[in-house]
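# A closer look at the structure
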Amino acid sequence: MADRASKEQLLTYAYLLLYIALSSGQIFFNKWVLSSKEINFPYPLGLTLLHMVFSSVLCYVLTRFFKVFKVEEGMTSEIYVRSVIPIGATFAMTLWLGNTAYLYISVAFAQMLKAIMPVAVFVLGVAAGLEIMSCRMLFIMSVISFGVLVASYGEININWIGVVYQMGGVVGEALRLIFMEILVKRKGLKLNPISVMYYVSPCSALCLLIPWIFLEKPKMDANPSWHFQPIVLILNSLCTFALNLSVFLVITHTSALTIRVAGVVKDWVVVLLSSLLFADTKLTLINLFGYGIAIAGVAAYNNHKLKKEVSKSNADQSRQEESIPMVTPETSDR
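Only a predicted model underlies this, so the values are computations on that prediction, with no experimental measurement involved. (Residues numbered from 1 in each chain as written. Predicted model: local features only at pLDDT ≥ 70, side-chain atom pairs only at ≥ 80, totals over all residues. Heavy atoms only, no water.)

Summary statistics for the protein chain give a mean pLDDT of 85 and a share of 89% for residues scoring 70 or more. Averaged pLDDT values for the elements of the protein chain fall to 79 in helix 11 (residues 285–323) and rise to 94 in helix 2 (residues 44–65). Counted against residues more than four places away or in other chains, residues 324–334, with its pLDDT under 50, gives zero contacts. (pLDDT = per-residue confidence, 0-100. Helix = DSSP H or I, 4+ residues; strand = E, 2+ residues; numbered from the N terminus. Contact = heavy atoms within 4.5 Å.)

Structural data, given as C-alpha cells:
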C-alpha cells in the first residue's frame, strides 16, 4: 500500500513537471517561431489558427477513430450556442492577442503582466454574480495590481502596443474562465479538458479564420520574406496539443487549484530563463521586486480559492449525508 501511494505521488510530480516544462517550452517556442530573427513567421493570428485546426483534427481522430479518449455526453445545441461559442471566441481572442504581444514586448514582461489575471477574473466574476466583493479580496486585488504596476515601471524597453495586446489577452482569458464557470455552475455540464478541446477548438478556429482572411492573409501574400517551415509549425502545434493534454493529466490526478499553483512556478521559470535565452529581455531589480509582490498577491488569491473550494466540498458532503434517510432494522416478534 505504501509503495503504491509513493508511486502515485511520484507520478503526480512527474505530471506537474511535464506541465511546467511543456508550458514554459511552448511560450519560448512561440516566441522563437514569431521572431523575425529566428524562424521569421511573424503572423500570430495565422499561428494560432494553425494550432486550433491541428487540435480540432487531432481531437476528432483520437476520440472518434482510435477512441483513446472519451468525449463527455450531455452537450446540446442550446448549450453549444450559449456557452461553447462564447468560450471558443474568448479563447481565440486570448491566444491571438497573447501571441501578438510577443512581437512587441519581451517574454518576461508578458508573464509579469499576466499576473494581473486574478484581478480581471475577480472583477468580471463580481459583475457576473459569481464572486462576492469583500475587504479581504479588495486588498488582495490591490496588492496584485500594485505589484504589476511596479514591475511595469521597472521595464526598460516598454512598448505600450505590446502592453495593450497582452492586457487584451488577459481580459479574453478572464472572460473564458467566467464562461467556463457559468457552463459548470448554471448549465450543470462538467467536461474534462479533452472534451473541452473537442468542442471548443473548431469554434475557436472559425473565430480566428475570419479575421485572418482580412488582417493577415493580405500581408502574407504581399510579403514573400516570411518562411513557412511545415515541420517546425507542425511540431509547434503538437507541443500546444501536448500542453493541453498535460493539463488534463494534472487535473485528473490532482485538482484545478494545483494547476494554478504550478502556473505560478512556471511563470517564475519563464521569467528567469527568458533573460538568458532572449536578447530583448533585460530584467531589473524593480521588475523582480514588483513581480514578487504580484506573485505574493496571487498566492493569497489561490489560498482564498482553496479555502472556498474546501468549504463548498464540506457543505455538499454534509448536505448529501442529511439527505440519506436513517433506516432502522425491523424487529419481528418471535
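All right, on to the packing of helix 2 against helix 8 (residues 193–222) then. Look at helix 2 against helix 8: their axes get within 8 Å of each other, and the N-to-C directions meet at 150°. By the angle between their directions, the pair helix 2 and helix 8 is classed as roughly antiparallel. Both helix 2 and helix 8 take part in a crossing whose hand is left-handed. (Axes fitted to C-alpha atoms, helices over the stretch in contact; angles between N-to-C directions. Parallel < 35°, antiparallel > 145°, perpendicular 65-115°, else oblique. Left-handed = near helix turned anticlockwise from the far one by under 90°.)

It is worth spelling out the pattern of salt bridges at this point. Per the counting criterion, the structure on display carries four salt bridges. A salt bridge links E78 to R82, with the nearest nitrogen and oxygen atoms 3.3 Å apart. Note that E78 and R82 are positioned in helix 3 (residues 77–101) at a spacing of four residues, about one turn of the helix. In this structure E78 comes out as partly exposed when scored by relative accessible area, which is 44%. Here R82 falls in the exposed class, since its relative accessible area comes to 55%. Its salt-bridge partner being R176, residue E173 comes within 2.8 Å of it at the nearest N-O pair. Here E173 pairs with R176, and both are found in helix 7 (residues 160–185), just three residues apart, close to one helical turn. R176 matches E173 in its accessibility class, with the two residues each being buried. (Salt bridge = Lys/Arg side-chain N within 4 Å of Asp/Glu carboxyl O. Buried < 20%, exposed > 50% of the residue type's maximum accessible area, 1.4 Å probe, protein only.)

Moving on: the nonpolar core. If you look at the biggest cluster of nonpolar residues, it comprises 77 residues, and the most contacted ones within it are V33, F41 and M141. A total of ten residues in this core trace back to one element, the largest contributor, which is helix 8. Leaving out residues up to four positions away in the same chain, F41 has contacts with V33, L34, S35, G46, L47, M220, W226, H227, F228 and L233. Among the nonpolar cores identified, the runner-up in size contains ten residues, and Y15, L16, L22 and V250 belong to it. (Core = buried A, V, L, I, M, F, W, Y, C linked by side-chain atoms within 4.5 Å.)

Examined against the element boundaries, Y198 turns out to sit in helix 8. In this structure Y198 comes out as buried when scored by relative accessible area, which is 15%. Sequence separation between Y198 and T63 is 135 residues; the distance between their C-alpha atoms is 8.5 Å. With residues up to four places along the chain from it excluded, the contact list for Y198 reads C59, Y60, T63, R64 and V71. Polar contacts involving the side chain of Y198 include one to the side chain of R64, which spans 3.0 Å. (Polar contact = N/O pair within 3.5 Å; in protein donor to acceptor, adjacent residues only side chain to side chain.)

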